[in-house]
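Letter by letter, the chains look like this.
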Amino acid sequence: MTLVLLCSSCGEYNKILKSTDYELKYSYAKKYFNEKKYTKSATLLEEVVTIFRGTVHAEESLYLLAQSYYGQKDYQTASEYFKTYYTTYPKGEYTELARFYSGYGLYLDSADPRLDQKQTYDAIAQLELYMEYYPQSERAKQAQEILFELQEKLAYKELISIQLYYNLGTYMGNNYRSCVITAENALKDYPYSKYREEFIILKIRAKYELALVSVEDRLQGRYRDVVDEYYNYVNEYPEGKYIKQVRKYFDFANKHISKSY
C-alpha cells in the first residue's frame, strides 16, 4: 500500500513538472511547501517565479522560493533569494521577514571558528541591516543576541590565532611578535568580548618571552613593556584569574630593569 501511494505521488509530481499550466504548478508548489516537501516546491517555484514576474503572484512566489531553500537548509541559496525579494520589493508584504531570514539562515550556516568565517561576516552584515530597518521589531532582540554571538565567534577565532602564535614561539622565526600584534588587534576589534582577559594575558606572556630572547640593546625596553602590561592588567582585573602569574612576570622584569634606564 505504501509503495502504491509513493508511486502515485511520484506520478503526480512528474505530471505537474511536465504541465504547461503555470497556475496549476504554482498551486502544487504551495501544496508541497505546506507539506514540507521543500525540494519539490523549490523545483516548481524556480520555473514559475520567472513566468510570474510582474503578475499578482510574483511577490509571494519569490518569497516562497526563498523559504523552500531555507526549509532544505540550503541557507546560502535561501539568503540570496531573500535578498532578491527585499531588493525587488522594499516595501513588500514579506520584506521584514526576508531581511531577517537572509541573516538568520547564514547564522545557522556559520562555520566552526577554526574554519573560514565568510558566512559569519555575511550574517552579521544582513542582521545589522535588519536592525537598522526594524529596530523596534519583535525580532530585534533575537537579532541583537545573534549579533553578539557571532561577534564572540569571531573573537574566539582570533583567540585561536593568538594561542597558535604563542605556542609556536620561536619556531621558524619569532612568533611572539605576531602574538602581540594579533592580541592588540583583537582587543581593538572586540573590546567587550568575554575573551578579553585571555587576549591580555597572552599578550603579556608573549612580551615576557620576547624579553627573554631579546638582544641586549632591546632588553631594557622589553622588560619595561612587561612592567607596563602588568599595571594595565591589574588596573583592569585587580582580582583576575592570572594575577599571580602576571605578578611573577612583573617581579622578574622589574628586577632586571636597569636603575639608569
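Rules behind the numbers
- In this convention, every chain numbers its residues from 1, walking through the sequence in written order.
- Per-residue local features are limited, in this predicted model, to residues with pLDDT of at least 70; the limit for side-chain atom pairs, both in listing and counting, is 80 or more; totals at the level of whole chains, interfaces and linings are taken over all residues.
- As a convention, hydrogens and water are excluded, and side-chain values are obtained from all of the structure's heavy atoms.
- A run of H or I in DSSP counts as a helix once it spans at least four residues, and a run of E counts as a strand once it spans at least two, with each numbered from the N terminus.
- Each helix should span, by expectation, one fewer than its residue count multiplied by 1.5 Å.
- Three labels apply to residues, based on accessible area from a 1.4 Å probe with only protein chains included: buried if under 20% of the type maximum, exposed if over 50%, partly exposed otherwise in between.
- One speaks of a salt bridge when a side-chain nitrogen belonging to Lys or Arg is within 4 Å of a carboxyl oxygen belonging to Asp or Glu.
- For helices, the fitted line uses only the C-alpha atoms of the stretch in contact; every axis is such a line through C-alpha atoms, and the angle between N-to-C directions lies from 0 to 180 degrees.
- Note on angle classes: values under 35 degrees are labelled roughly parallel, values over 145 roughly antiparallel, values of 65 to 115 roughly perpendicular, and the remainder oblique.
- Left-handed is the label given to a crossing in which the near helix is rotated counterclockwise from the far helix by less than a right angle, and right-handed is the label when the rotation is clockwise.
- Only heavy atoms matter for contacts: two residues are in contact if any of them lie within 4.5 Å across the pair.
- Each residue gets one of three labels, nonpolar for Ala, Val, Leu, Ile, Met, Phe, Trp, Tyr, Cys and Pro, charged for Asp, Glu, Lys and Arg, and polar for the others, Gly among them.
- A residue counts toward a patch only above 30% relative accessible area and without a salt bridge, and it is joined to like-charged neighbours within 9 Å or, for Val, Leu, Ile, Met, Phe, Trp and Tyr, to nonpolar neighbours within 5 Å.
- Accessible surface is estimated by sampling points in the Shrake-Rupley manner with a 1.4 Å probe; for residues, cover comes only from the protein chains shown.

Caption draft 1: Quick peek at helix 8 (residues 140-168). Its 29 residues place the ends of helix 8 42 Å apart at the C-alpha level, agreeing with the 42 Å of an ideal helix rising 1.5 Å per residue. The set of residues buried in helix 8 consists of Ala 140, Ala 143, Ile 146, Leu 147, Leu 150, Glu 152, Leu 154, Ala 155, Leu 159, Ile 162 and Tyr 166.

Caption draft 2: Expanded view of the environment of Gln 220. By the element assignment, Gln 220 lies in helix 11 (residues 216-236). Each C-alpha atom, one on Gln 220 and one on Ala 253, is 8.8 Å from the other, the two residues being 33 residues apart in sequence.

Caption draft 3: Region of interest: the pattern of salt bridges. Here the structure, examined in full by the defined rule, presents 15 salt bridges. For the salt bridge of Arg 139 with Glu 138, the shortest nitrogen-to-oxygen distance reads 3.7 Å. The structure contains a network of salt bridges with shared partners spanning Glu 12, Lys 31, Glu 35 and Lys 37.

Caption draft 4: Quick peek at the packing of helix 10 (residues 196-212) against helix 12 (residues 243-256). With their axes 11 Å apart at the nearest point, helix 10 and helix 12 run at an angle of 30 degrees to one another. In terms of orientation, helix 10 lies roughly parallel with respect to helix 12. Once helix 10 is placed against helix 12, the crossing between them reads as left-handed. In this structure, helix 10 contributes Ile 201, Ile 204, Arg 205, Tyr 208 and Leu 212 to the contact, and helix 12 contributes Gln 245, Val 246, Tyr 249 and Phe 252. For the contact of helix 10 with helix 12, the class distribution of residues is seven nonpolar, one polar and one charged.

Caption draft 5: Representation of a nonpolar patch on the surface in the model. Nonpolar side chains collect at one region of the surface, where Leu 164, Leu 168, Tyr 171 and Met 172 lie side by side and expose about 470 Å² of accessible area between them. The topology assignment puts Met 172 in the loop between helix 8 and helix 9 (175-189).

Caption draft 6: Main features of the packing of helix 9 against helix 10. Orientation of helix 9 relative to helix 10, taken along the N-to-C sense of each, is 155 degrees, at an axis distance of 9 Å. If you check the angle between helix 9 and helix 10, you find them roughly antiparallel. For the pair helix 9 and helix 10, the crossing hand works out as left-handed. Two secondary-structure elements touch here, helix 9 through Tyr 176, Arg 177, Cys 179, Val 180, Ala 183, Glu 184, Ala 186 and Leu 187 and helix 10 through Arg 196, Phe 199, Ile 200, Leu 202, Lys 203, Ala 206, Lys 207, Glu 209 and Leu 210.

Caption draft 7: Spatial organisation of the environment of Thr 87. Tracing the backbone through its elements, the reader meets Thr 87 in helix 5 (residues 75-88). Measuring from C-alpha to C-alpha, the distance between Thr 87 and Gly 105 comes to 17 Å, with 18 residues separating the pair along the chain.

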